[in-house]
Amino acid sequence: MTVRGAVSAALASAGILLAGWQAGAQVAEVQAPVAAMSVGATGGAAAGDGTSGTGSTDSGSSESSTAAGGTYTGASVQTRFGSVQVQITVKAGAITDVKALHLTDDDRKSVQISNRAAPLLRSEALAAQSANVQTISGATVTSDAYLTSLQAAIDAAHL
Amino acid sequence: MNSQLMPAPPAHSRSGGPEVRTYPAIPAGPHNFASQHRRRRLRSDALTVTAWSSVAASLALWLADGGARGIDSAASAFTAMGIVAGLAGMDLVLLMLLLAARIPLIDRTIGHDRALEFHGKLGKPSLYLLLAHGLLIAVGYGMAEGLDPVSESVALWVQVPDMWLAFISMALFLAVVITSLVAVRRRFPYEFWYGVHLLTYAAVATSIPHQFSVGAVFAEGTWQRWYWMAICVATGTALLFFRVLQPVLATYRHRLTVSRIQTVAPGVVNIEMSGRQLDRLTGTGGRFFVWRFLAPGLWWHPHPFSLSAEPLAHGLQGEGGLRITVRNLGRGSAQLARLRPGTKVAVEGPYGLFGTAARTRDKVVMIGAGIGITPLRALLESTPFSPGNATVLLRGHSEQELYLSVEILEICRNRGARLFHLTGPRVDGDPHTWLPEEAVRRGHTLAAYAPDISESDVYVCGPAGWARNVVADARTAGVRAEQIHHERFDW
Ligand SMILES: Cc1cc2nc3c(=O)[nH]c(=O)nc-3n(C[C@H](O)[C@H](O)[C@H](O)COP(=O)(O)OP(=O)(O)OC[C@H]3O[C@@H](n4cnc5c(N)ncnc54)[C@H](O)[C@@H]3O)c2cc1C
């Protein structure tokens, strides 16, 4: 290898890595709002119980209202693609809404999967009125975590 | 010792001996070997840049995906390192495949043997990277889920689609690299080693599904996915094209058949072949082809042999003949001496840089020993030089071992090259000489035979240890690495 070859190879490689780093910085900026949005959406509804489920295992759940109705936050479930946490709204003993406080978002693929799986899981859970629903194929990890968190929230609501 | 100095007669004197062929007209006029060499060095640098850039690009894919920003815990750090190791490892594997794909651009730039040398050098690094990839991912994922790496691996194997293939791929890579290590390679026959090496293709193939289905960097809809697919497909296509399609086409195009077997010396035969469109092969004298003689028990055994004469095309469609000279070294080459005329021949090539394409200077020195003399015979016939600008040194135990020396003498006379026969025993107990004992005693050195060697291209072909000593002497005499062209028969 000549000196010219070595120097040009080093420069080219450095340039490519720098370009990758720059592109990565932009991705991080795009991704951040995605995560922030799911958290933000719950911020209003969760009525202040922001500390619930910060543990990494399903140590339990917390109620933010009385047993008759209100919102219940499930445990935050850790997966290799990020954490998953859902919150349910209960009115007169029935689940009227499921919100994802946080979904797997470790990388673009997880965001993709979460965005696809969450609406499906939500509608199935509302229809079944339980966490006893099919996992979404291709999103097994997200589904399992979602349903675990959902079960914890349902348990907390004593439904 | 018998060393003779040929005077330099005019280039085109006819001598008309019985074995003498008509030599192709070598284009007169100045050959710009310096600029040929500059271009080759430019290509070589471009290849270096491409190779390094591809490794950098594999990391940039991950960086561009926001990879580095996602590290916020020990678990994600392990996972990140695992991903990076996997990307770089796979990129090296693709580079290895390309180096072994016999791509003409690579062959004409660094030569087949150097390409394989780099290929071999990448073996261990890529294996280590792939092993690290598996381990780090198991640790990183495991930490995120509160599992030990073994349970995590089992979970990955059982639950995640395509991961079982990835585990098999890892086992295959291990098998390939371990059997390629020289120490182990010695204990098995070449064919066994070759067969295991073919497993590389299975190892690569089984590793690909999980890269696209589990690898988050290559999620659907990302440009990274397209880039990775493109380089995988390009590598596969290059392999298929240059290692399968091209040889089939060349075999069909040239329709080579054995025309004559002629004994040159005990255990050494000329194999002459006739074929078509041989005009497309002129200028390949000294380069080598991989031959398969399509006879029972022989066809599956490929052998590299150099041309020992420049291809001769006399017919309108390029009909003509070419020739190799083979020494009986092992099972396969012993059978070759008994080939029947009319046997069809499959051919791959030409390969290697032992030809005019490697020239960097106007003067040339050729040094050969034993069977290594034969490609020099072809090169001497075809490579351009003015009378007086070429020196040929032939080394053998006895005159009889200076294969093709009659023909070489004839060409030297015709073209005005100086020829020395260096025969006799070597110096006892001195592993550093390549000259016969008598020459050493008289104080002859390489520079004494070829005074202008430092401004010549030096072509060396012969047994490995001997060639090493020649090259070392040439370097001492002021020859730069770029001027030395060394063909090895024993890779
Ligand atoms: C670029 C090049 C040019 C060559 N040109 C000539 C030539 O012009 N004339 C000539 O006589 N010989 C030439 N050889 C050497 C020749 O190819 C081998 O001697 C021959 O293939 C040995 O085959 P075999 O079946 O007789 O030996 P085997 O009995 O099969 O084996 C002899 C030894 O060679 C090894 N071997 C066998 N086949 C190969 C292979 N394909 N690659 C690497 N190692 C192998 C075996 O492991 C063993 O150690 C050349 C070799 C190379 C690499």
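Residues numbered from 1 in each chain as written. Chains lettered and ligands numbered in written order. Predicted model: local features only at pLDDT ≥ 70, side-chain atom pairs only at ≥ 80, totals over all residues. Heavy atoms only, no water.

Caption draft 1: Highlighting the overall build of chain B. Within chain B, the regular secondary structure consists of 15 helices and 11 strands. Dimensions along the principal axes, computed over C-alpha positions, put chain B at roughly 85 × 50 × 45 Å. Relative to its 491 residues, chain B shows a buried fraction of 49%. Residue pairs in contact within chain B that sit at least 24 positions apart in sequence constitute 75% of those at least 6 positions apart. Accessible surface, chain B: about 22400 Å² in total, of which carbon and sulfur atoms supply 62%. Distance from the positive charge centre (46 side chains) to the negative charge centre (36 side chains) of chain B: 5 Å. (Helix = DSSP H or I, 4+ residues; strand = E, 2+ residues; numbered from the N terminus. Buried < 20%, exposed > 50% of the residue type's maximum accessible area, 1.4 Å probe, protein only. Contact = heavy atoms within 4.5 Å. Areas by Shrake-Rupley, 256 points an atom, 1.4 Å probe, with all protein chains shown as cover. Lys, Arg positive; Asp, Glu negative; His and termini not counted. Charge placed at Lys NZ, Arg CZ, Asp CG, Glu CD.)

Caption draft 2: Highlighting the pattern of salt bridges. All names here are of chain B. Evaluated as defined, the whole model comprises 16 salt bridges over all chains. The closest approach of N and O atoms between K363 and D452, which form a salt bridge, is 3.1 Å. A residue pair is termed long-range when its members are at least 10 positions apart, and K363 in strand β7 (residues 363–369) and D452 in the loop between α14 (446–449) and β10 (456–461) qualify at 89 residues. Among the salt bridges present, the one from R442 reaches E438, with a minimum N-O distance of 2.6 Å. Through salt bridges with shared partners, a single ionic network connects R41, R361, R480 and E482. (Salt bridge = Lys/Arg side-chain N within 4 Å of Asp/Glu carboxyl O.)

Caption draft 3: Quick peek at the environment of S151 of chain B. Summarising the element assignment, S151 of chain B is placed in helix α5 (residues 149–159). Residue classification places S151 of chain B among the partly exposed positions, given a relative accessible area of 28%.

Caption draft 4: Structural context of the pairing of strand β9 (residues 417–423) of chain B. Residues and elements named next belong to chain B. Taking burial as the measure, the seven residues of β9 include six buried ones, the bulk of the element. Inspection of the sheet shows strand β8 (residues 390–396) paired to β9 by seven bridges, in the parallel sense. Within β9, the position partnered with R395 by the bridge is L422. A crossover links β8 with its parallel partner β9, the connecting element being helix α12 (residues 405–415), and its sense is right-handed. (Pairing = 2+ DSSP bridges. Right-handed = clockwise from strand over helix to strand, strands pointing away.)

Caption draft 5: Structural view of a nonpolar patch on the surface. Residues and elements named next belong to chain B. Where nonpolar side chains cluster on the molecular surface, the patch consists of V150, V154, W157, V158, W164 and I168 and spans about 590 Å² of accessible area. Those elements that provide at least two residues to the nonpolar patch are α5 and α6 (163–180). A per-element tally of the nonpolar patch places α5 first, with four residues. Following the sequence through the fold, V154 ends up in helix α5. The exposure class assigned to V154 is partly exposed, which follows from its relative accessible area of 48%. (Patch = residues over 30% accessible without salt bridge, like charges linked within 9 Å, V, L, I, M, F, W, Y side chains within 5 Å.)

Caption draft 6: The packing of helix α1 (residues 33–64) of chain B against helix α2 (residues 74–99) of chain B, seen in detail. All names here are of chain B. Taken N-terminus to C-terminus, the directions of α1 and α2 make an angle of 150°; their axes are 9 Å apart at the nearest point. When the axes of α1 and α2 are compared, the pair comes out roughly antiparallel. α1 and α2 meet at a crossing whose hand is right-handed. Judged by residue contacts, A51, S54, V55, S58, L59 and W62 of α1 engage A80, I83, V84, L87, A88, D91, L92 and L95 from α2. (Axes fitted to C-alpha atoms, helices over the stretch in contact; angles between N-to-C directions. Parallel < 35°, antiparallel > 145°, perpendicular 65-115°, else oblique. Left-handed = near helix turned anticlockwise from the far one by under 90°.)

Caption draft 7: Expanded view of the nonpolar core. Counting 32 residues, the largest nonpolar core has F173, F218 and W228 of chain B as the members making the most contacts within it. Of all the secondary structure elements, the ones that give two or more residues to this core are α1, α2, α3 (104–110), α4 (112–145), α6, α8 (190–213) and α9 (223–254) of chain B. Ranked by residue count, the leading element in this core is α2 of chain B, at seven residues. The residues touching F173 of chain B, leaving out its near neighbours within four places in the chain, are V93, L127, L130, A203 and V204 of chain B. Residues I88, I136, L147 and A157 of chain A belong to the second largest nonpolar core, which totals 28 residues. (Core = buried A, V, L, I, M, F, W, Y, C linked by side-chain atoms within 4.5 Å.)

Caption draft 8: The arrangement of the interface of chain B and chain A in detail. Taken residue by residue, the interface counts 31 residues in chain B and 25 residues in chain A. Summed over both sides, the interface between chain B and chain A buries roughly 2400 Å², with carbon and sulfur atoms accounting for 61% of that surface. It is D45, L63 and R69 of chain B that lose the most area in chain B upon contact with chain A, and together they represent 21% of the buried surface on that side. For the interface between chain B and chain A, the tally reads one salt bridge. (Buried area = accessible area lost by both parts, 1.4 Å probe.)

Caption draft 9: Region of interest: the environment of D113 of chain B. Residue and element names in this part refer to chain B. Note that D113 resides in helix α4. For the pair D113 and F489, spaced 376 residues apart in sequence, the C-alpha to C-alpha distance is 9.9 Å. Not counting residues within four places of it along the chain, the set of residues in contact with D113 comprises H486 and E487.

Caption draft 10: Spotlight on the sheet that holds strand β5 (residues 320–327) of chain B. Residues and elements named next belong to chain B. The strand order β1-β2-β5-β4-β3-β6 describes a closed barrel built from six strands, whose pairing is antiparallel. When strand polarity is set aside, the average angle formed by the axes of neighbouring strands in this sheet is 40°. Sheet topology note: the strand β1 (residues 256–265)/strand β6 (residues 344–351) ladder contains two bridges and is antiparallel. Across the sheet, the residue bridging to T257 is K344, located in β6. Sitting on the sheet, α9 touches β1, β2 (268–275) and β6, and the angle it makes with β6 is about 125°.

Caption draft 11: Structural view of the sheet that holds β9 of chain B. Residues and elements named next belong to chain B. The strand order β9-β8-β7-β10-β11 describes an open sheet built from five strands, whose pairing is parallel. Whereas interior strands pair on both sides, the edge strands pair on one side only; in this sheet they are β9 and β11 (484–487). Taking each pair of neighbouring strands and ignoring which way they run, the sheet shows an average axis angle of 15°. Here six bridges tie β7 to β8, and the two strands are oriented parallel to one another.

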